[in-house]
Structure formats: structure tokens, C-alpha cells
Amino acid sequence: MKTMKKIIYAFLVLALVSCGDDYVTLLPYGKTIPENTDDLAQMLNATNDINGGGGNFGSQADDIVIPDFLLPYTSVSGMNAYTWQDFMYQENEQDEDWVTHYKAVSRANFVIQNIDSYTEGSLYDIDDTRGRAHFIRANALFYLVNGYAKHYDAATASTDLGVPMPEAMDINVLTPRSTVQEVYDLIFADLEVALDNLPDNPKHKTFASKVAVHALLGRIYLYQEKYELSAEHSKKSLDLNSTLKDYNEIEYAVDDGDDDPSTGNPAMGITNFDNNKLSNPENMYVNEKGSFRTELYISNELVDLFDKANDMRYWYFMSDEDPYGTPVPDGYYIVTNDGQQPWSGVKTPEVLLNYCEALMKQTSPNSTEAVTYLNMLREKRYYAATYVPYTHVDDPTTLAEIMLERRKELRLTAWRWFDMKRLGLSHTRVVNGKSYTIQASSNNYMWAIPLNVIAINPLEQNPRGL
Amino acid sequence: MRISVILLFGCFMQISASTWAQKVNVRDAKTTYKELFQEVERQTGLITILSNDEMDINDEIEVEAGTVELQELYTDILKEANMEFRMVDDYIVIRPAEKPVIMAEARDQEEKQIIIKGIVKDQNGEPIPFAAIRVKDTTIGTVSQVDGTYQIEIDGEANAVLEVSSLGFVTQEIPLNDRTVIDIVLVEETMGLNEVVVTGYQTISKERATGSFQIVNADDIVNVASVDLTQRLEGVAAGVKVNKDGSIVIRGASTLNAGSQPLIVLNGHPWEGNLLEINPDDVEQLTVLKDAASASIYGVRGANGVIVITTKRGKSDGKLRVNYNGTFQMAESPNLDDLNIMTSKEYVDLEWDAYETAGMTAFPWYNYKSELGEIYAKMQSGSISEAEALQMRDELASYDNRRDIEELFFQREMVQKHTLSFNYGTEKNQFYASLSFDENKAIWKGTKGDNISFNLNDRFKYNDILQLNLSVLGNFRKNKNNGQFASMTRPYVRFYDEEGNYMHEANGSYDAATVEYHESRGLLPFFYNQVQEQELKDKETKSSNISTNASLDITPTDWLKFTGSVGYSVSNGRTEDYQNKESYKVRSFVNRYTDMMMNQVIPYGNILWYDDTKSENLTTRLQMSINKQINEFNFGFNAGWERNAFKVENNMGNARFNYNSQRLTENVVNWQDLTQGYVNAFFGWASMWNVPRRSQSEDRFQSAFFLGNVSFKEKYDLSASWRLDKTNLFGQSSEYQDQPAWSIGGKWHVSREDFFNVSWINELGFKASYGLAGNIDKNTSPFLIANAGTDYFTGEQSLSVANPENPLLGWEQTYTTNIGVDYALFNNRVRGSIEFYNKQTKDVLAEVNMDPTTGFGGAWYDKVNMNNGEILNRGVDINIGANIVRNPSFAYDVNFNFSYNYNELVSVDKPANNRTDVVYGNPVEGQPIDFVYGYKNAGLDATGEPQVYDRDGNVVSWRDMGSFDIEDGEFIGRLTPPVYGSLNNHFTYKNFSADIFILYDFGHFAPQYNYPSPVRTAGTKNMINVYNNRWRQAGDEAHTSIPKLDYTGYSSQDRIAATWNSDYNIDNADVIQLKSINLSYDFTSLLNVPAIKGLKLKVGIENLWHWTAADNDRIYDTKVSWETGGDLYYERDFDFPRFKNYTVGLSMQF
């Protein structure tokens, strides 16, 4: 009996001793709990999380048309967007612009929260990571505050409702809306940190850099009508990188058999044009993952702005025939090649045009510099054999020319919609015989706070109505 | 001490047998009969039975110490007492040497003695020797002779009751009622006392178990014809629901997304494989553990219940048994008419209708194309006249491909299966081996599966102290599935032209004209023909699964046992999908990756895709068991420690390009080119190639456990269990790793109390248990967890957040209360149990839609796992087994299961917050988790658009449903039946037996049809023929509720909800199914060949008949579900009803 007792005790002791925890500390494969600054940098490398883009609202702008024959094939939310309804999405639908930008904000917040306490890694520069995180947050908040709040007005910004501004990644916290001013304050603070920490040019075009920070500052000051500051930052950005692609290098993939360089069907393809967002030399900060819009039609109003005989943007990026050579019904144009992918990032031509606009709108306009830069762009866009540089006539004409070039160059991007809002444009559409107009003063220039957000987080809704 | 006529020493569980040559080691020279018999039993497992009380077993005897032969020993010691003995199965029966009939002990008083005589027989009329016959509550008794006859002399009490018992038979009580000749028929015990509950950690007698469980014996599952184990589980146990997809739910779903499948334990160790891989012919016993007292010992994995399976073992009687089981099963041919789809004429009519209203010229170049659409487009462009178009249309309509589809793509389901098993054993070593082969053909032509499985079981008793158990089982599978890809197409599509050449089937945006155009531009043709595809591919899956268990029992003394065991299983699988270069899949891939200059990035040639999967499961366990009788207490105590690791490794998406399967040559591709995405003039952005990817996971559990039970006077049982699990799944902190599970239970055997004296109740026990088990979702963690990867855009290493930090996250906990009654009535003719349970699951883990402002949520793929609410399952499980007719030549047994389950989401922190969420089935407080929500139908308006009633009874068009709230619809009921069960009727007449198995489900609701959104499908697939009744012109609304065609590409969710979720489409889905009829005939006695010990022929029919309350006869077996998913609103392709199945089987014993 005594021996038995000993055996039993021995067994129990053995069992207790072998119950160490080592066995269950194995981390699941393929997954990791971030623990050093390299991990944080790698979180910012996830294009899907960080560079989700926006630009769905580009379809609200006056560049796009949905021909009547396509209306039956347009989603309910697409129709709502197209006719500037109070609510684009129903409660159960997601507002992708809100989702993707706040997704980026939350990842950036996690990095900003932890970068000082985590051990330093060896693969990625800690300052660069810090700078990237602050840029990502500023970039997203700028898009959000312009999309979902009143346009910046220095007089009322401190009372105008902005957007929520979470400063930490915490799923258990519901963040209220800050004021427009508060959002801009954080954007500027973030960009200051970004500027101190980022390199001149990025390693990849999805990474932030001083080029992108200055470009973003140039854009923000332009929107705030602080033109001197805008010009200053745009210039700094262009000094670091002002690469433009010469469209004269482009050719039609399929020879149409005649000698006229302006005719051909770009829907059948073009060559020498790199559509890849990372390798397109004009791209400075790519904020879009690859997605493709094939069913996009350009408004005749926009098409008619182009000099059809000489503007290569008209030659190569819009077509009145489909890839099979069949005419597009009702004389419409479809978008081909560039423009099929949504865009809300930073591109040299935009910075250049921001610069030109700011130069002409600042207290003492500088038309010489503006025309020089404008022609830098025009030279790459018009057919070389017949190219005539723009010459200054007077300030208003030059500004108008700049704004026209801007309209053509930033076609089909999210920035056209923000320009309409900023410049106070109105636009009218006729859909199935019914006319819809968005006025300069329309509340629906502010997007509705998504209903699926309000269902969980009771934010104050923007005033609605056209 | 007075001895009862029958004495059974020890417990009923340790039944084993031996041969006479067996040796016994006698230690003490001076002993008593009793001690000696006990010693013999301990050493040999043979139980000594006394047939009367003429001998006092406490008498001291003297024997020679040392090893002696059993026969010798018994002859020796019994000579003195003038007794003799005989071996009957595992018993040594002792009786007086001379007289065959034993008078009861002489009485002092001379009283009137009555002689009762008769014969004891079994149901087949065979005499039962050595049955014990005793006058109830006395010590008077006898044993029947070899020919079954008996004779007993008793006091002349009119109310005397005979108690007749024999091993393997139900004990019977027979009142004399002044009779003197009483023939007794004993019924074989199918749910007898000696059944044991095997939990994997302990083996306890059924009557002492305090928890809720149901035992299914080999016999019960053999009676069902179906060849797979899951099917055989259907309806055999109360509270167990086998769903159409083969998933099993025990006592209602208690979790939202952590998975509600029960844990399967095979021979003591968790089984991660599919139940289908276990050969039902090898199964000895299957125990369903339903409550905390039973299942908590499995800790975190036992929250959904546990199914314990033990495979067959050898017997220890020194006889070799060989069994053969053969089954051939054939189903009826698939019939497309069962799918309720349109005829060619009806479909052409619908499609033309769609074009006429929508306007075909408007169809953009990238839209869907169809043969009829092409005709319409030609008519529109003026290249053919309207008359020509109509003629071509009617020509299309004149052909209907449904019979050709049946012919070209389908075959009858067929299964044949052969199992050969051997079992042999001696006292020392018991062995069981089986080998099985099966071949099956699924409904798709070109599919064929082979499976070889084996099972080896060996128990080796080295000596009194050491025993080794080994089991190895496994299977090797090969499945060819060339055919399983055909998709439902338009009924007018022809596969062959008149010369027998393949014809193009318009597919996606490729009609004949566009195929021609692409070819002219230099691309490979987009020609598509499903029959040809079937011939150009070769798809095969091979897998091997091996599972081994070894355990060593060390028994230093009779009350203490240590067990060390190891279970290891490994399974390897490979899927190869070989596509000939001529196949559509290869051609379209190559085209997609062809650039503007017609350069092909993928070399044009055969492609072989292959996936490799591997999983391993290792369990090690050390356990100590103590079993001790102290006075009238019986103590059981088990403690142990266990580790379990489950590893999965998958290598998916491997591809070999321009592969020559004969020469094994291939071309190398640049993955980078394929992953960057590609811009092509025709297709825009080519989708990114799925590069080969590897996934790996390892789940580890470490657990300590303890089990204790105590029994007093065999009247009161108490049990308790406790287990602590640690796992790596929840991240690194011990705060989240530890989850205790525990239970307590008790049972009171009322019928054994002295005061209990109800003659018709043989057994009555009340039991109750309470306990906690946990559940985790392995995809979640309180810490931020990121998936590592290589960013497809930049090639940088990246981490994307899989799971945000959630410090509030915890385990899901299920508290179960079980109260039950076990009973046996009317001479054990009626047996069963009634149980009530209350299962409360707290902190239910659910995927919750967050405020997307947090960076999570907003989209279905972005949901966050959180503890979100509480689920209640409450219900009753009733099991009744009754022997209705008991007759030497005829018997009728019934087994009836009834389950009622009430399910409610008691609270939910983040409920569905709008009606669309509700339509999609997101959790709603106060509703069952599988609620059915719908709108009250208000018919169609004058333009054929659907309308519903709002909460105030106003008629509302679907267009105005935007203003609806959750309250405007109604909660109609549940999708799964709250009431379900089975009725199994078993008849035997002489050598013939029949089983009629009936399943029933009541009280649930289901949508009758999944309404597709027509225009996107018009021109692509055939559709359900309810659309023939669609609204076409004003006035139709008076007699139909099917709305007019929806021409929009994106049908509004409200329009779909107003149709699909309308109450006219939601029907009561009550169903009674005659699941199977099985007949068998035992030829053994007719054959009279000594070598053949058994020969049985079986015939069965499955899915013979059903009744349903619903209008749609198919409602009970279509895979209609409310889950949201890609094809939510589409009738799934080729969703056939369950086929009638015919089975012929032969089983032989040698």
C-alpha cells in the first residue's frame, strides 16, 4: 500500500511538472503579433490596407455620363451617385471611400501609437516608417474631410463639423466628429512630421516621400485658397520630381491603314504607354490598388473640350468604337487605357497644374512662370508636328487656359469632383427624361455620413438636399 | 451469510473468457470458496455462478498453492462439497453433482409445495441452458437444463413471481397466477445492463453514468442500409440532428461562428478526419455524449457534444471468426424534370420577352451573350428580317437538351463495398482485422472513386500487470472527377451538330461572332463546348489516411491502473487537375495573358495544376485510474494529463506549364509577370494569377483532467469532472490560454430502494448534471494579429491585419443543465430515457459588423470576432425502446426518438440594425439564431411589380420599402426543425427480419424557391419554371404572384426581398420521410453447412416516400438556405432531390 501511494504521488508530481507552458506558446503559422518597428513598417507595406484609394465619387463629377441604354445595368447605388441623391448607399451597403480611408487611418494610428515603444528593427528605417504613417493619416483625413464635410472656410472651420479623427486603433471606441479646423490641424501636424522624416523620393510609388508631402501641401493650401503657400510647396515638389510622359511616343496597337496619326481605335490597344501604376513615370504617390472600370462613358461635354486634331489625350484615351470596331451607340465615347482605373493619388501633372493655378491666383500673379510650366505639360500632350506653345494674353485668359487644361488632365479622377465643389460649379444631368441639378450651394456636395456607420456610431448626419 | 442463488462477483464489465487449459495461480493455501472464486475471476475473467445455496461460499477450504489448471482446481475443490461445474460462455456454473433438479433448501414447516416446470427459450425458439430461475425475493431457485427445461418446487404462495435471467437476455419477471407449467421466452438484451459508456477517458457502466448520452450499437447501425456512417447516424439518437450537408448538430446550435460540429473521438483519441472515412462495418459502438457531465471532460472541444466511436475487437474464446459483408447500392437515374426547370420553348419565350422589353441593341459589347441574343441582335441591326429571326427562334425552341444533358453528363449513383474481417482471440491476445474495398460512382459522368480501408485491433495481455492495446486503421482513396464541372445551360443549346461535331455554346461574352473576331485578331479561339471539356481534362484526387493508437495499461494492483497512450494520425492528399491545351480553361488563360502585341506570357500548352495537403494529429496521454470498493462505497478516480497537436500543411495552386505528362517536360514561367496583373485590350485588367501558396497551421492543446465518481450501495451515484485546457490559439498570454471546464452530476436509482415496490417498474433512476464547457474561434485573438505576406504590388514583405486588438475578448462558455430519468418498465419490455436540458452559451463569439471608422468592419470580409451575446438552447430528448411483441417466432421492436429544441438568441450586444441585415439573417435578439424573416405578400401591382404589406396593413410597392423598419416584416419561424426524431420498427419472423425507418421534422419554415434575378441569368442558365407563371400583361396580377421579368442588371434587394422573402414563398416545411426499408433473411439454419456460421441476405430501399406540408414537394431536400453568398438568389445548378436508393447486401460468418 505504501508503494502504491508513492507511485500515485510520483505520477501526480510528474503530471504537474510536465504541464509547462512552452508547448502552447507556439504562434500560429503565417501570422504574427507585431513586435518591432520592422513589423510596423511591413504593416504599412500592405497595399490593400493602406493604399485602398477612393475615387468612387469620381462618378459624381461632370466627366462621366451614363447613357440611357446603360441605366438598366447600373446599380442602385451607382444611380444614386449619378443623380446626387441624398444617400448613395443603403444601411446595409458599405461606403467604400469611408471604409478604405479609415482603414488606412487605423493602421497608421497603430504605427504612430507603438513606434516609440517597440524595439527597433533592422530592415526599415524607423524615421521613414514614422513619416509614412503620419503621411498616410494626413492623406486619408484630407480626402475624408473634403468628401464628408463642408469645404474649408477659414471663417467657420472651427465650428463646421468635420469627420471623426480617431488617433488610436481601438475597435471598442466610437469616435465623434471633430471640427473641420481640428481635422486640418492634425493634417498639418502630421505632414510636418512626415516632412522631417521622409526621403526625397520614394522606394516604391505606394510609399510616401517629400515629393508627395509637398504635393499634398500644395493641394491643401490651394483648397484653402492660401495660394502663396500652395505655390511654394508645389514648386518644392516639382523641384524634386517633375517627370512627365511624352504622349508622342504612343502608337495605336492596330494600324487602321491610313497615314493620319490621329485616327485609329485605341480600344484595340496602344503601345509605349505604361498603364501600370507603379511604373508610370508621372505617378508620385499611388493610392489605388488595381481595379478596372470597363463600362465607363465620357460626357460629350468633356470630349468636346479637346482639340481633336492635335490633343493626343483625345487620340489615345477615348474611343467612339468598342474593341471590336463597332461604333459605341448614340455617339458616345468610352474610356480606354488611362482613366479606366480610378485615381486619387498624386501625379506630376496635377502638381504642375496646382502650381500654375496658385501662381495665377496669388496676390501678385506670376504669369511667366505659370505659362512656362503650363507649356511643359502641353508639349507632352499635343502632337509634336503641329504643336504651338501657349502664349500669355492676359491674366484671366491664362488662368482660364490653366483651368481648362486642368479639367482635361484631371479627367475621370476624384479631383475633378473636389474641383467642382471647391470652385462652386453646378451641373445638370438628364436621366430618363428627368433633369437633376447639383447647385454650387448644394448640401449634397458633402457626402452623407454612411448609414451603416450611424447605425453603430450615432454621428450627426450632414444636412441633405440638392 | 446466506447466499443467493446467483452470485455475480465483481463488475459486469470485465467479461472475458478462457479455455479450460487455462492456468490459475493460487497464492494462499488456506482460503474460502468466495475468495478463491474471486481470485479466479480476477486472473481469468471467468465468473463463477452458484445455482443454489447448498454450499456456503464462506466455507474455508485448503488448496495447494502454486499454478494449477483451472479444471483441475475446480474438480478438486468441488468434490468435497459434492458439487459439479460447467463452463457456459464466460461463466463457471456450479451445481449439485447428482440431481439435475435442485430442491430448494428444506423448510422447517411442512407446507404445500408446488412444482412448477417448463422450458426456457430464446426468441428463435432455441432452448436456453443455464438460465437462472428464482422466486423473487427468496433464495429459492434453479438453473435450466441443457435442453432448456426446468423444474422448481416452491411454497404455495399464489402471488409468487418467478425471476428468470440469463446472460445476454433481458431479465423477466413472471407472476405464477396459479399456473404450474410456464414456458418462458427470454428476449435478447440489446440495451442491457452490461452496456458501458465509453468516454475515451473512462469506461463506466451505463446505469452508473450520471450524464446524458446515447449508445448506438453496431446492430443499430447495421440495420440501416446506407454505406456511410453519417447517414447511418441519422435519427438513431435523440437530440442528434444530421443535416443535409452531413453536418451534425447535437441539441441545437450554441454558437454563431465557432463551428457547431461535435468532437469525434475514435478509440480514445480525437479524430480530425471525416466521419465518412470510418468503415461502419468496423464500428462496435458509438456513444453520443450530450451534456456537461459527459462531454466536459473534453474541455474546450466538447462544447458541441462528443461522438465517441470504438471499433471492433477480438473475442477471447479461442475461436477464429471470419466475416464477409458485401453491399451493392444503386440509385435511380438523375432526372432533370425533378429540377423544375423550363422547357426549351418556355425558356425561349422568357428570353425573347426579356430582349423585347430591354432592347437588345442596347446590350453593350461586354455583356452576356446567348444564341438567341445573337439572333435578336441580328434582327435589330437589320441583317436579318423579323420573319427570319422568328423562324430561327422557333428552330432553337424546337430542340430541348434536357434528355441529352442527362445522357452526356450524368449517370446513376452506384456504390459497391466489400468488407472482410477476421477476429480471433485467446485470454492473452485478442485480435481483429478488417479489409474493405469500395467503389463508388457519383451522379457525374466521369467520376469514380475507389477506396481501400483497413482496421487492425490487438489487445495483448502480457501478464497480470501489463496490457498492450494497439489499433491501426486507415484508408487509401482515389477519386476521379472529370465530369463534375458541367453547368446548367440554356435548354436550347445543342452540343453536337448533325454531323456529330461539337458546337459552340455561347459563354459569357463570347457568342459565335466574337469568338470569330478574337481569332481574327490573333488570339486562341474562345470556342466552348462542355462535352469536349469533359474529355480534355483529367482531374484526380488521391488521399491516404492512417491513424494509429497504442496504449499500455499497467495494473500494479486490482484497484489501480496507469495508462499511457499515444494516438497519431496522418493524412496526405493530392489533387491533380490536368488540362489539355485544347481545353477552354487553358485557351482562355493564355488569351487573358496575351498582351497588345499578341505576345503570350503563358506558354501555350497543357497545364497541370496540383494541390498538396497534409495533416497530422498527435495526442499523448498519461492517466491514472483508481477503482476501489470500500464497504458499500465504490470509488472511481481518474487523473491525467494530455497533449494534442493538430498540424495542417497545404501547398496550393502549383502549376506546370506546357506540361507533357508522358515526357514530364514543362516550361518555366515568370510568376512576377503573372502576379502584377496585366492589361489587355480585350479584357482590361487581367485578373492576377493565383500564385502557388503555402499555408500551415498548428493548433496545440495541453490539458490536465480529473474525473471522480462515487457510488453508494449501488443506489446513489455522484460524479465530478474538471479539466484545464491551454492552447496556443488565443495568442501568447496565459490569461487567455487557460479555460477550465467542469461538471458535477448525480444519479439516484429509486427502483433499488427498499421502499420502492412497483412491480411494473423494473428500473427507475433520476439523474441531474451541470457543468461548463468552452469554445474558441481559432481565428481570433485579443492581440493584434497580422497575416504575413509578400505585397503583390511592390514585392515588399507586408503584414495585413487579420484581427485587431480586442482586449475584451474571451472564451465562449456553454453551461449545460441536464435532468433526466432512465427507466425500464413491464419486465424490461420498455426502456429508455427522458431528458430535459438547458444549454446557455455566454459570450458567444460572433463576427460583428463594426463601425468602419475604427478601421474594421463596414464590409462582410472586415467583420471582427467579438463576444456578442448569449444563446439559449432548451429542450427535451425522449427515447423509448419497446418490445411490443415477444414470441418465439415473431417479435416486434420499436425504437422511438423525439427531440424538441428551443433556440433563442437571448441577448446580443451588436444586433442586426436594419431590416436588410435581418433579411440576411444577422442575429436578432429574442429570435432563434436561424430565424426566417419575411414580408406579408400583397400581390402584384398593375405593372406586375411585387408589393407587400407594411406593419399597418398598407400595401407598399417594393420601391418604397426603403422606408421599412424591421417591424414591417415578420419573424415567421425557424429554418431548422424544432421538433425532430425517428421511429424505427424492427420485425423478426423466424429467419426473416425487417426494419422500417421513419424520420420526421416539424415546425420549421423554408423558402420554396430561390428566385433568380432574371436578366443577368436570362441568356445564361435555365431557370426554375415558376417563372412561367410570371406577370406578362395588365390583369395578370389577378391570378399570379410571380412578378414580371426584372430587366435591370442589378435587381434591387428590396425587389428580391418582396419576392423571395414574401410569405407566399415561405412555407411550413414539416416533413415525414420513410427513410429506409430494410429486409433481411438469415439462411444459416436452412443451409446447414457447419463451416458457415451465418449467412444473411439484405435488401434495402432508401428515400422511398415522403410527405411534406409544403406546396413545393422538394422543399425538404433542396439546399435552399438563407446564407448570404455569391449565388444567394440563384437556383443552384443541378440540385437534385435525394435519389431513391436500392441496396442488396450479403453477410457471411465462418
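Values in this document were obtained by computation on a predicted structure and should not be read as measured data.

Asker: Please explain the sheet that holds strand β11 (residues 149-155) of chain B as it appears in this structure.
Answerer: Paired through their backbone hydrogen bonds, the strands of a sheet run either parallel or antiparallel. Residue and element names in this part refer to chain B. The mixed open sheet is built from 3 strands, whose spatial order is β11-β8-β14. Each having just a single partner strand, β11 and β14 (184-186) make up the two edges of the open sheet. For this sheet the average axis-to-axis angle between neighbouring strands, irrespective of direction, equals 35°. Note: strand β8 (residues 113-122) against β11, 7 bridges, orientation antiparallel. Across the sheet, Ile119 pairs through a bridge with Thr149, a residue of β11.

Asker: Just checking my understanding: could you explain the environment of Ser1041(B) for this structure?
Answerer: All names here are of chain B. Mapped onto the elements of the fold, Ser1041 is located in the loop between α16 (1014-1017) and α17 (1053-1060). Residue Ser1041 is classed as partly exposed on the basis of its relative accessible area of 24%. Put simply, Ser1041 and Gly944 are 97 residues apart on the chain and 8.6 Å apart in space, counted from C-alpha to C-alpha. Not counting chain neighbours up to four residues away, the residues in contact with Ser1041 comprise Asn937, Leu940 and Tyr1064.

Asker: What's the story with a nonpolar patch on the surface in this structure? I'm lost.
Answerer: All names here are of chain B. There is a patch of nonpolar side chains on the surface, built from Leu320, Leu420, Phe422, Tyr424, Phe431 and Leu456 and spanning about 500 Å² of accessible area. Per-element accounting of the nonpolar patch gives the leading share, 3 residues, to strand β25 (residues 414-425). Counting through the fold element by element, Tyr424 comes out in strand β25. Classification of Tyr424 as partly exposed rests on a relative accessible area of 37%.

Asker: Just checking my understanding: could you explain the environment of Thr1108(B) for this structure?
Answerer: All names here are of chain B. Here Thr1108 lies in strand β58 (residues 1094-1108). As for Thr1108 and Asp1070, which are separated by 38 residues in sequence, their C-alpha atoms are 5.5 Å apart. Reaching out from Thr1108, the side chain makes a polar contact with the backbone nitrogen of Ala1110 at a distance of 3.2 Å.

Asker: When you look at the environment of Pro463(A) in this model, what are you seeing that I'm missing?
Answerer: All names here are of chain A. Along the chain, Pro463 turns up in the segment after α16 (451-454). The spacing of Pro463 and Asp86 is 377 residues in sequence and 9.0 Å in space, taken between C-alpha atoms. In this view, Pro463 contacts Asn443 and Met446; residues no more than four positions away in its chain are not counted.

Asker: Explanation requested: the sheet that holds strand β51 (residues 955-957) of chain B in the structure shown.
Answerer: Residues and elements named next belong to chain B. Spatial strand order, β49-β50-β51: 3 strands in an open sheet with antiparallel pairing. Edge strands, defined here as strands with exactly one partner in the open sheet, are β49 (936-940) and β51. Averaged over all neighbouring strand pairs, the angle between strand axes comes to 35°, with direction disregarded. In this structure, strand β50 (residues 946-949) lies alongside β51, joined through 3 bridges in antiparallel fashion. Pairing of Gln947 across the sheet is with Ser957, part of β51.

Thresholds applied
Residues numbered from 1 in each chain as written. Chains lettered and ligands numbered in written order. Predicted model: local features only at pLDDT ≥ 70, side-chain atom pairs only at ≥ 80, totals over all residues. Heavy atoms only, no water. Pairing = 2+ DSSP bridges. Helix = DSSP H or I, 4+ residues; strand = E, 2+ residues; numbered from the N terminus. Axes fitted to C-alpha atoms, helices over the stretch in contact; angles between N-to-C directions. Buried < 20%, exposed > 50% of the residue type's maximum accessible area, 1.4 Å probe, protein only. Contact = heavy atoms within 4.5 Å. Patch = residues over 30% accessible without salt bridge, like charges linked within 9 Å, V, L, I, M, F, W, Y side chains within 5 Å. Areas by Shrake-Rupley, 256 points an atom, 1.4 Å probe, with all protein chains shown as cover. Salt bridge = Lys/Arg side-chain N within 4 Å of Asp/Glu carboxyl O. Polar contact = N/O pair within 3.5 Å; in protein donor to acceptor, adjacent residues only side chain to side chain.

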